[in-house]
Every structure is written in structure tokens, then in C-alpha cells.
Amino acid sequence: MRASGPQPYATINVVGSERAGFETFLSAQSKIILGIESSCDETAAAAVSGGERILSSIVASQIAIHRKYGGVVPELASREHLRQIVPVVREAVEQAGITLQNVDAVAVTRGPGLVGALLVGITYGKVLAQALGKPLIGVNHLEGHVHAVFLEAAAAGLPRPGMPAVCLIVSGGHTVIYFVKSEVQNGAAHFSYTRIGGTRDDAAGEAYDKVARLLALGYPGGPVLDQLAAYGDARAIRFNEPKMRGNVFDFSFSGIKTAVLYHLRRHSELQPEIDTRKEALARGERGADALRRLSSAATLDLVASFQRAVVDDLVTRTIAAAQQSGARSILVSGGVAANRQLRARFAAEAKRHKIDVFFPSRALSTDNAAMIAAAGYPRFVAGQHEDATLNAEPNLPLV
Ligand code: KG4
Ligand code: ZN
């Protein structure tokens, strides 16, 4: 159901619902939730039917705007959300082949995230729900990331991951492990979450972005470091594993970023190539291949060793959390879940420990609104609606 012609926004493949069977979608069991997401630097809207069939998913990324600052600038993010929210929602409705009147509820991210960014989606969602006379559902962004994994299973025609599960959410803003339980209450699925551990300082994606900045490898750093790591020796440099006193399921990634900084200070011979890459980036040459050609073996070893340390830490603590909590499966979601080494290590370790591991596709790993609509669906079925007092909650915990 992809629209033909030029695509101004990234589009997630529509699954399950080919046009031929569309009428059946509009039956009683196929309530359509319009999801809206604006918690960070992606303005997204999606229509999801029955909580698991993606009719459309539109994501307008702001990466190009924040790139020159090496991170998300909150004021710029809010302004861009304001510019994008109306066309993005319109595109999501059009690509789903529906009209706003077909929407049964509006689900919007209420937090956590940047307050100004969240407010754009919330305000628009509120007004839209009111104008349509349809319920408004408030969704925790992190719960959305959990549901991205369920969406992927549905898209692939696979059964849902076994519950209870342990979910690692790992992105530029979050690195946290939850114990996830689901039960049926009054005919509706009810999910509950217990935080097992999380980062005490930087998120893993943030460490990728900061190290990429130190090495002049562009923004966001994760995708390029992921590709370059394949060309280096991951055992060349040893980074000390952070010792987590108190909770062994906590993470800390600020130390490794500082270790990379000190490594570069000790190896001043790497500075000229950093300067050359800075110039290349300034000329707009940011592809991984171009940056690799401008990187010495010593830099590629550093990248591979950094990635190995981060991936080892994420995999080891998550597997241990799953074993200790008696989880039946592991879910991994968020932007860093796209990392190839992370996926390979999780797959190998999970097999060794006889536990299933599930990842969303790349498009569903990063921020999107299909996951918000999916997470909103059980709340819609359970009648958990919001009123006009719904507000942004930048530090909203997941419970
Ligand atoms: O989930 P996301 O799109 O946005 C939030 O942070 O919420 O995640 C973006 C983060 C960035 O830090 C980016 O560097 C990282 O995910 N990332 C990756 C990869 N792709 C994106 N990190 C490692 N390997 C990747 N392949
Ligand atoms: Zn996110």
C-alpha cells in the first residue's frame, strides 16, 4: 500500500492489510487507532488496525536539522514538530486509505521526552480527538518501544513472544531493562512493567553519538560506527568494564566515552585524520564508505573495540536479568537495537542460554508512531481514556 511518486517522509512497509481485504479491516474487531509521536526529534503519525496491523506509518526525521549541533536541540525540535505535525498526520491518514472519520481513537505520546516537543503532539492529538468526538489515549513512549516488538511479530505472522519477558530499550535517550508481564483483565490485555536496571549516566546511543563526534564520524554516530566496526580488530583496545555497585543490572556509558577521549589524547598521531574527516563532513561527505577510506587501521580498531565493549555490556547484563527474573523471552528495542553486532551477539547468547530473543525491524526500532498506536490499543479496549487535562510528562516512569 505504499504510495507511488516521491516520498517526502520515511514510510514503514504496510503489512498484512492488502487493499483487497480492506473492508474486513473496518469490522468491529478492527478498530483503527491513529498514533502520534513527538517526544524527541521525530514527528510521526501512524494508523494501526486491531492493535497490530500497520496501515500506514510516517516518520519525519529532524536529523539534518540537529546534525550540526551533534545532538538534539530542544527548541529547534519543538519548532520543527510544529511545522511537521499537520502534514505528517495527513499523510498517515491518506496512506492508510482511510479518512479521519474512520479513526476510532487517537493515541499520543505523553512522556517521557522533551517537554516542548511532547506538547506539540499532545495538543494536536487532544484537539483532533475532540473534533472527531473520539477517545484520546495517553501512551508512555517506552511502552511504545515494547510494543514495537509485538508489532514486528504480528507483521511476520509469528506468535507473540512468550511472557513474562525482559525488555532492553536502548536508544539515544534511554538504556533501561524492564520485566514485562501481561494478563487478561475483563477481556482486555493488561501489561505491567518493573524496572530492573538502567543507565546511571549516558544512554548507549548517546555514547555512540559522543564517540562519533570525538572521531569526526558524523551524526548520528551509531549507524556509521556500526559499519566501520566490521573493519577493525575488536580486541585491539581493552576498555574496563564498569563495576556497578548496588544493582548489577545498571549501566554506565560515560566512562567509556572519557576513555576514548584519553586514548585520543595519548595518540595525537590520529589528530590529522580527524581533521581530514571534519573537512569531509563539512563538505557533506558523510557516508560510511567515504569515512572509512579516511580512517586508519588504528581508528577502525578503536571503533571496533568501543563497540565490542558496549555490546558486551548490554548483552551480558540483559541475559543475566532474564535468567534471574525467569523471563521466557528477551525483547530488544530502540535505535541501538538496529546494531548488527548487538543483534548477532544477542542471538548467539540467547541460543546458548536457551531463551528466545526478538527485535523489531530497523524502521520499528527507531522512534515511530505505529508503536504508540499499538501500545494505545489495549488501553483503548480497556476504556482508559484521557480528558482535556492530559499533559506532557517529561520524566514519566513506566509502570
Ligand atoms: O530510538 P532512536 O531513533 O531515538 C531516540 O534516541 O529515542 O535512537 C537513535 C539512537 C542514536 O543515538 C543513534 O546513534 C543510535 O540510536 N543508533 C545506533 C544504530 N542506529 C541508530 N547505534 C548503534 N548502532 C546502530 N546501527
Ligand atoms: Zn524512543
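Residues numbered from 1 in each chain as written. Chains lettered and ligands numbered in written order. Predicted model: local features only at pLDDT ≥ 70, side-chain atom pairs only at ≥ 80, totals over all residues. Heavy atoms only, no water.

### Considerations on the domain arrangement of the chain
Thought 1: When the domains of the chain are assigned, the result is domain 1 (9-161 + 363-381) and domain 2 (204-327).
Thought 2: Between the C-alpha centres of domain 1 and domain 2 the distance comes to 31 Å.
Thought 3: On the domain 2 side, the residues contacting the eight residues of domain 1 number four residues.
Thought 4: Of the roughly 520 Å² buried at the junction of domain 1 and domain 2 (both faces included), carbon and sulfur atoms supply 58%.
Thought 5: If you sort the residues of domain 1 by the area they bury against domain 2, Ile-63, Arg-67 and Gly-70 come out on top, with a joint share of 77%.
Thought 6: Linking domain 1 with domain 2 are zero salt bridges, by the criterion used here. (Domains from an automatic or database assignment. Contact = heavy atoms within 4.5 Å. Buried area = accessible area lost by both parts, 1.4 Å probe. Salt bridge = Lys/Arg side-chain N within 4 Å of Asp/Glu carboxyl O.)

### Points about the environment of Lys-257
Thought 1: Note on placement: Lys-257 falls in helix 8 (residues 254-266).
Thought 2: Distance in space between the C-alpha atoms of Lys-257 and Asp-209 is 9.7 Å, their sequence separation being 48 residues.
Thought 3: Contacts of Lys-257, omitting those with residues within four sequence positions, involve Asp-202, Lys-210, Val-211 and Leu-214. (Helix = DSSP H or I, 4+ residues; strand = E, 2+ residues; numbered from the N terminus.)

### Some words on the site of ligand 1
Thought 1: Around ligand 1, 18 residues are found, and the nearest of them are Gly-172, Asp-209, Gly-222, Asp-226 and Asn-339.
Thought 2: Note that a nitrogen atom of ligand 1 is positioned 2.9 Å from one of the side-chain N or O atoms of Asp-226.
Thought 3: Interatomic distance of 3.0 Å between a backbone N/O atom of Gly-335 and an oxygen atom of ligand 1.
Thought 4: When the free accessible area of ligand 1 is taken as 550 Å², the share hidden by the protein chains comes to 91%.
Thought 5: Mapped onto the shell around ligand 1, the elements with two or more residues apiece are helix 6 (204-214) and helix 7 (221-229).
Thought 6: The biggest single contributor to the shell around ligand 1 is helix 7, with four residues.
Thought 7: For the shell around ligand 1, the class distribution of residues is five nonpolar, nine polar and four charged. (Near = heavy atom within 4 Å. Polar contact = N/O pair within 3.5 Å; in protein donor to acceptor, adjacent residues only side chain to side chain. Areas by Shrake-Rupley, 256 points an atom, 1.4 Å probe, with all protein chains shown as cover. Nonpolar A, V, L, I, M, F, W, Y, C, P; charged D, E, K, R; others polar.)

### Some words on the packing of aromatic side chains
Thought 1: Scanning the entire structure with this criterion turns up five aromatic pairs.
Thought 2: Ring centres of Tyr-178 and Tyr-193 lie 6.5 Å apart, and the angle between their planes is 80°; on these two criteria the pair is classed as edge-to-face. Taken together, the residues Tyr-178 in strand 8 (residues 175-185) and Tyr-193 in strand 9 (residues 188-198) connect sequence positions 15 residues apart.
Thought 3: For Tyr-178, a relative accessible area of 4% translates into the label buried.
Thought 4: Looking at Arg-160, its charged tip hangs above the ring of Phe-150, at a distance of 4.5 Å from the centre.
Thought 5: Across the ring face of Tyr-231, the terminal group of Arg-292 is positioned such that the distance to the ring centre comes to 3.9 Å. (Phe/Tyr/Trp six-rings, centres within 6.5 Å; stacked < 30°, edge-to-face > 60°. Buried < 20%, exposed > 50% of the residue type's maximum accessible area, 1.4 Å probe, protein only. Lys NZ or Arg CZ within 6 Å of the ring centre and 35° of its normal.)

### Comments concerning the side chain of Ser-171
Thought 1: Relative to the helices and strands, Ser-171 is located in the loop between strand 7 (165-170) and strand 8.
Thought 2: Setting aside residues up to four positions removed in sequence, Ser-171 forms contacts with Ala-203, Ala-204, Gly-205, Glu-206, Gly-334, Gly-335 and Val-336.

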